[in-house]
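Structure assessment
Listed below are the residues making up each chain.
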Amino acid sequence: MNIKLIRATIEDSKELWQMQLESFQSLLDKYQDYDTNPASEPIDKIIYRLKQEETYYYFICMNDVKVGAIRIIDFKSDGNKRISPIFILPQYQNKGIAQIAMQLCEQLHGSENWELDTILQEEGNCYLYEKMGYHRTGKTEAINDKLTLVFYEK
């Protein structure tokens, strides 16, 4: 499995947005978190982020096929970095692709001072991040009666 990252540009905003909608739709259906789920975001939000100096969007490619994407927010001034969001298209999930993509991002942006959040009820996500060396900060945020966000750092 050949995984690589390709930096996305403003011209890729529609493709990123469509992939994000497809990747997060099942979670939106499950948790009904319409205010926070990336499947509810308008394309304008992706365009806005792509224009941010500290934002790096990468397509995650497997064997030259775009299978997902990751957004890195890299505050170079203080060394802090954040993943928000990372997603893999449904037909490519649970193949270890996200883990490799995160390792590639650490090679590009450094291996320290990372943070992210995920859905506490999604045990597979929590397992992945903990396996990658992330630790829970102790902070959680209840979004609704079905969903709680849990915060991680590395």
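Above this text you will find the structure in question.
Scope of this entry: the structure provided in the associated data block. (Residues numbered from 1 in each chain as written. Predicted model: local features only at pLDDT ≥ 70, side-chain atom pairs only at ≥ 80, totals over all residues. Heavy atoms only, no water.)

1. Brief notes about the sheet that holds strand β1 (residues 3-7)
- The seven strands lie next to each other as β1-β2-β3-β4-β5-β7-β6, forming an open sheet whose pairing is mixed. Unpaired on one side and paired on the other, β1 and β6 (135-142) mark the two borders of the sheet. Averaged over all neighbouring strand pairs, the angle between strand axes comes to 25 degrees, with direction disregarded.
- Strands in contact with helix α1 (residues 13-31) are β2 (55-62), β3 (65-75), β4 (80-88) and β5 (114-119); relative to β4, the strand with the most contacts, it is inclined by about 80 degrees. (Pairing = 2+ DSSP bridges. Helix = DSSP H or I, 4+ residues; strand = E, 2+ residues; numbered from the N terminus. Axes fitted to C-alpha atoms, helices over the stretch in contact; angles between N-to-C directions. Contact = heavy atoms within 4.5 Å.)

2. Structural notes on the nonpolar core
- Of all hydrophobic cores here, the largest spans 27 residues; its most connected members are Ile60, Ile70, Ile72, Ile83, Ile86, Met102 and Tyr134.
- Those elements that place two or more of their residues in this core are β1, β2, β3, β4, α3 (97-109), β5, α4 (123-131) and β7 (148-153).
- Considering every element that reaches this core, the biggest residue donor is α3, with six residues.
- Discounting residues that sit within four places of it in the chain, Ile72 has contacts with Glu54, Thr55, Tyr56, Tyr58, Arg82, Ile83, Cys105, His109 and Trp114.
- Judged by nonpolar contacts, the second largest core, of 20 residues, contains Cys61, Ala69, Ile119 and Leu147. (Core = buried A, V, L, I, M, F, W, Y, C linked by side-chain atoms within 4.5 Å. Buried < 20%, exposed > 50% of the residue type's maximum accessible area, 1.4 Å probe, protein only.)

3. Some remarks on unusual backbone geometry
- The omega torsion across Ser84 and Pro85 is -5 degrees, close enough to zero to call that bond cis.
- Position of Pro85 relative to the elements: it lies in strand β4.
- Phi at Asn63 is positive, roughly 50 degrees, even though this residue is not glycine.
- Relative to the elements of secondary structure, Asn63 occurs in the loop between β2 and β3.
- With relative accessibility at 46%, the residue Asn63 sits in the partly exposed group.

4. Observations concerning the environment of Gly96
- When you line up the elements, Gly96 lands in the loop between β4 and α3.
- For Gly96, a relative accessible area of 36% puts it in the partly exposed group.
- A C-alpha to C-alpha distance of 15 Å links Gly96 and Val65, two positions 31 residues apart in sequence.

As far as function goes, none of this settles anything; it's purely spatial.
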